[in-house]
Every structure is written in structure tokens, then in C-alpha cells.
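# Notes for the structure review
What follows is the residue order along each chain.
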Amino acid sequence: MSNDTSKTPIAADKSRHWQVARADEFALIVDASDYFRLVRKVMLAAQTQLLLIGWDFDLEIEMMPGESDEDGLARDGLPNRLDAFIKEILNRNEKLEIYMLKWNGSLLVAPGRILPGAMLAAFHSERIHFSLDSHHPFGACHHQKIVVADDSVAFCGGIDMTEDRWDTSEHLPNDPRRVKKDGTPSEPWHDATSALSGPAAKALGDLARERWHRARGEVLDAPEGCDADIWPDDLAVEATDIDVAITRTAPPFDENPLINEIEQSLLYGIESAQECIYIESQYFACDSICDALEMRLREERGPQIVIINPKYALSDFEDDAMHEVRDRMLGRLVAADHEDRFRIYFPVNTADQPIYVHAKIFIVDRAALHIGSANINNRSMAFDTECNIVIEAQPDLIAGFRTRLLSEHLGVQPQEFEKALAEDGLIFAIETLNRPSGRGLRAIGDRTSNLRSRLLADTQIMNPRYHHGDHSNTGQGIRPRHIAAIAVGGLAGYLAWLNWRGKK
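Residues numbered from 1 in each chain as written. Predicted model: local features only at pLDDT ≥ 70, side-chain atom pairs only at ≥ 80, totals over all residues. Heavy atoms only, no water.

A side chain with one charge can pair with a side chain of the opposite charge if their charged atoms come near. The tally for this structure, following the rule as stated, stands at 42 salt bridges. With its nearest N and O atoms 2.7 Å apart, the salt bridge here joins Arg 211 to Asp 133. Residue Arg 211 is located in helix H5 (residues 199-216), and its partner Asp 133 is located in strand E4 (residues 128-133); the two are separated by 78 residues in the primary sequence. Here the two residues Arg 211 and Asp 133 agree in accessibility, since each one is buried. In this structure, the salt-bridge partner of Arg 447 is Asp 320, at a minimum N-O distance of 2.5 Å. Of this pair, Arg 447 sits in the loop between strand E20 (440-443) and helix H12 (451-459) while Asp 320 sits in helix H8 (residues 316-336), and the two are 127 residues apart along the sequence. (Salt bridge = Lys/Arg side-chain N within 4 Å of Asp/Glu carboxyl O. Helix = DSSP H or I, 4+ residues; strand = E, 2+ residues; numbered from the N terminus. Buried < 20%, exposed > 50% of the residue type's maximum accessible area, 1.4 Å probe, protein only.)

Structure, rendered in C-alpha cells:
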């Protein structure tokens, strides 16, 4: 086993990445308040081509909540609603073409259910191109979150331009700006993304255009002659001239085989870790990742492992489907943890209100940072379509980002966290600085299982994956026959209940 990720850089192993490209500028963005502000500036500055590739786009959201004047303008003088903002930037620039790709299933399950194509058609512009991405096996999801402007600046991470995503890093209790379209409050929400310029941005543009081609059959040319510097002036550059690896997940479909570069790169990181592995994810329900972590916990003097998850899922059904699996995996990890090196927490704000974790971050020692759209579940490793970026050989950047995240979760200054970290490692720092009430981290306990949760966990019907050699019609995914079986079973159960009730 290698104990140093710097000895085998990701560029040397094609199974772990799609491309490695240079980023002229690089930054990390935490939470959607900053992201929405910055992406507006980049979208406005785009000269010829703007690529919006996402799980969902809700054109009715206000990008800067609480800022709209009586004319619907934000403080920057531009329309606050996403649909009006897009219309405005098209009106301002006659050369700009906008391509928006959204997962087709989001029309049923995502916040932005109103058909964006119909709304965009009302713009009376042939320069807005919209497509629903259905180029995936039945039940699979297009989950990438990429924005690319002129192949000059790109964003890649976990933040969707949709409802319920906006929040500040303070995650204030009862923040009046954190509100749904119907006026009801949204819960605190933690998320993250990255910004890149130069060749790395162009590589993400190539990936976005490739995805557009697979979804629409239309070849998009790369933009030419865009030489303006559109990096936002208030986005602090955290690194320059660094290599960025782009990693993907894509299910087998048509004649294309499974791509699981993200899984391979994460497994390599777990194997290579020396001191600590830090994970933020919406889920913890991946068999291969759990197996690898369990193996490291069984070792003598292996790495510390800290996972940040949400306390609850977004619905009871999702909680049953995903967190029953999490509980089973946590039981295995706790049993393997013979040296007290494992913790899993959820964050809370100053009112002890749970903060929902949507970020997808994986940090190995000071050696590797993974950030993107992929969760730690089977789907993101080998069923849905995902995109992460990986940074290696930048120890100050990587360790600094981990400190930034944990300082935010604990409500302390970065210098205070670094001092505790230097004394006795990651878990010591967290537990020394953690407060019993108010802003901090809380241990995730066991949930109460039920018949539905056990059935969903046993079948993994909502958390499927493919393996190499599988085809989209034979892999472990949700098939129409599964839905038919569920429907028939549900109807039979309902009729049996009516019959039982009638005999009472």
C-alpha cells in the first residue's frame, strides 16, 4: 500500500481521471450566497457562449434574496429572478448564446418543476437553447453542476441554481432571506463549489459540450476570440497555475461503457491516507467506500476518519431509503474502530437547528482535495452522471480549506482550530472546540428502522449501481418491472388493509 498520494499523482493513472488541465486561477466557494453573487457576475461578463449544465434550474428563484426593489432589481441593478436575469444578459449582448441542460427527471422531483423550456420560449430569443437530458438508463440521474463562460471561467461543485439552496455561511436561525417561493421558511443549507480559469475551464467546457451532444445529438463549437478577463474582481484567488484533474461518473448507455473515475480516485485516496480522511456528503451509502474505510479502521495506527452528514434526509421516504443503509454501514465502521479513530457528525447553527449538508467534499491528509457533484452513495459512484475535480500537491490550499470548513462548522476562528489541530490531530481539535450547545457538530445516532426502510435497504432499489461489463439493460438499476412490482404490491397491500378494516 502506498502511504503518500504525492508519489503516484492522479495524472499517472488514467482510470482515476478524464483530463488533467492547468488552472490559471483557482478558488473555493462555500455556500450559495457567495456563489449566486459570483455566478451572476460571470454570466453577465460572458461574451459568446454560456453553458449551464445541472440537475435542476428553477427560473423563478431570486438569486439574491431580500434585495429586490419594487422593480424586481437586485442591488447590482439587474433583475433578481433567474429567468429575468437571463433575459437581461441576452438583451445586453447580441453575440451571446446560452445553452441550458437539465435532468429530465427534475420536472417531477426537483424544486424547479415548472417547465423551463416553456418559460425560456417566452423570451422570444433564438439564442437561448434548452434541453432536458434523458441520455441515461431508466432511473438514473444527470447530476452534474457545471457553469462555463466562454471557456474562460468555470464553476464545478455541488450547488444547484434552484430553490432551497441559498444560505450564508452563518446559517442564521430564522433568516428571513432563506425562504421558499411560497413564502415558507427554508432550512439552513451547507454547500460548496469551485471556480477555475484557463485551460481547466476549457476542459470543463469540453465536458459540458460533450454532454450536450450526447443529450441532443448537436455538436457545439468551442467559443473563439474571447480574450476578456471575466474572473470576478471580488473572488479571492487561492491558487494560481495548478493542475486540476477532472473525474467523472457515467452509467453504461447505448454503446458507452461504465465510467467510474470518481470511485477509483476516492478509493485510491482512502488507501493512500496517512493521517486523516475528511468527508462532507449528503449521503453515506456506498458499499465500496464503506468497505475501504472499514479496512483502514481495522489497521494498527491507521488514519482518523471524520464524516459530516445531514441529520435527516429531505423526506421520510428518502430517509428510509438512504439513512437505513447509512446506519448499517456505520455499525460496521464502529465495530472496526478499535483505536477510536472514527466520527460522524451533523452541523447545527446557534439555535441548535440542524444544518442540511449538501456539499460533496473529500479531503485526504494535506495531499488531495475532491469537490464536485458526487455523493458518497452507490448512485454517484456508478449509476448517475457526475463530475468532480481533484487537486493534489497543494498542501497549504488543501489543509486551509479543511480548516475553513471545520472552523465554520464549529463557530471558531481558523487560527484557533489550527492550534488545536497541531496538538493532537483532527478528532482532538473537533472535540476540544466543540460546544455542548449552539454552533457546532453533533454525533449522528441510530434512527428507528421500519418495514419500508428495511425493504429499501435490503433491495437498494433507490441506491443502485452498475459494474464494469454491465449494460444499461442488465445493470442493477430501477427498471419498469420494479415500478410495476411496487405498484402491484402497494395495491395488494391497500386492498388487504381495506379488507381487514371491513372485518373489524
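On inspection of all chains with the given rule, the structure shows six aromatic pairs. Residues Trp 189 and Tyr 356 carry aromatic rings whose centres are separated by 4.7 Å and whose planes lie at 35° to one another, so their mutual orientation is tilted. One end of the pair, Trp 189, is in strand E7 (residues 189-190); the other, Tyr 356, is in strand E15 (residues 356-357), with 167 residues separating them in the sequence. Relative accessible area serves as the criterion here: at 2%, Trp 189 is assigned to the buried category. The class of Tyr 356 is buried, set by a relative accessible area of 2%. (Phe/Tyr/Trp six-rings, centres within 6.5 Å; stacked < 30°, edge-to-face > 60°.)

So, about empty space enclosed by the protein. Picture a little ball the size of a water molecule; that probe, rolled over the atoms, points out where space is still empty. Tallied over the full model, the rule gives five cavities of 30 Å³ or more. In this structure, the largest cavity spans a volume of roughly 80 Å³. Residue lining of the largest cavity: Gln 144, Leu 207, Glu 210, Arg 211, Arg 214, Arg 248, Thr 249, Ala 250, Ile 259, Thr 385 and Glu 386, and that is the complete set. When contributions to the lining of the largest cavity are tallied by element, the ones reaching two or more residues are H5 and strand E9 (239-250). With four residues, H5 is the single largest residue contributor to the lining of the largest cavity. Taken together, the residues that form the lining of the largest cavity break down as three nonpolar, three polar and five charged. When its volume is computed, the second largest cavity comes out at roughly 60 Å³. For the lining of the second largest cavity, the secondary structure elements donating two or more residues are strand E2 (49-54) and strand E5 (146-149). Looking at the lining of the second largest cavity, its residues break down into seven nonpolar, one polar and three charged. (1 Å grid on protein atoms, 1.4 Å probe; cavity = no way out; pocket = protein on both sides within 12 Å on 5 of 7 lines; lining within 4 Å. Points joined across faces, edges and corners; volume = space filled by probe spheres on them. Nonpolar A, V, L, I, M, F, W, Y, C, P; charged D, E, K, R; others polar.)

With that settled, the discussion passes to the pairing of E2. Walk down a regular strand and you will see the side chains alternate between the two sheet faces. E2 sits mainly inside the fold: six of its six residues count as buried. Side chains Gln 49, Leu 51 and Ile 53 project from E2 onto one buried face, and the interleaved Leu 50, Leu 52 and Gly 54 project onto a second face that is buried too. Pairing of E2 with strand E3 (residues 97-103) involves six bridges; the strand directions are parallel. Its bridge partner being in E3, Gln 49 is matched across the sheet by Glu 97. (Pairing = 2+ DSSP bridges.)

This part is about the layout of surface pockets. Quantified by volume, the second largest pocket comes out at close to 320 Å³. What lines the second largest pocket is a set of 19 residues, among which Ile 61, Glu 62, Val 179, Lys 180 and Lys 181 lie closest to the centre. Broken down by class, the residue content of the lining of the second largest pocket amounts to five nonpolar, four polar and ten charged.

In terms of nonpolar packing, the biggest core is built from 58 residues, with Phe 26, Leu 204, Ile 361, Phe 401, Phe 417, Leu 426 and Ile 430 touching the most fellow members. No other element matches helix H11 (residues 414-433), which puts eight residues into this core. Ranked by size, the runner-up nonpolar core spans 40 residues in total, among them Ala 46, Leu 59, Ile 61 and Ile 86. (Core = buried A, V, L, I, M, F, W, Y, C linked by side-chain atoms within 4.5 Å.)

So, about H5. If you check H5, its first and last C-alpha atoms are 25 Å apart, about what 18 residues at 1.5 Å a residue would give, namely 26 Å. Considered for burial, the residues of H5 that qualify are Ala 200, Ala 201, Ala 203, Leu 204, Gly 205, Leu 207, Ala 208, Arg 209, Arg 211 and Trp 212. (Expected span 1.5 Å × (residues − 1).)

Attention now moves to the side chain of Asp 384. Tracing the backbone shows Asp 384 in the loop between helix H9 (378-382) and strand E19 (386-392). Among the polar contacts listed, one links the side chain of Asp 384 to the backbone nitrogen of Cys 141, at a separation of 2.8 Å. If we ignore the near neighbours within four places in the chain, the residues touching Asp 384 are Ala 140, Cys 141, Thr 249, Ala 250, Pro 251 and Arg 379. (Polar contact = N/O pair within 3.5 Å; in protein donor to acceptor, adjacent residues only side chain to side chain. Contact = heavy atoms within 4.5 Å.)

This is a description of form; function is not addressed.
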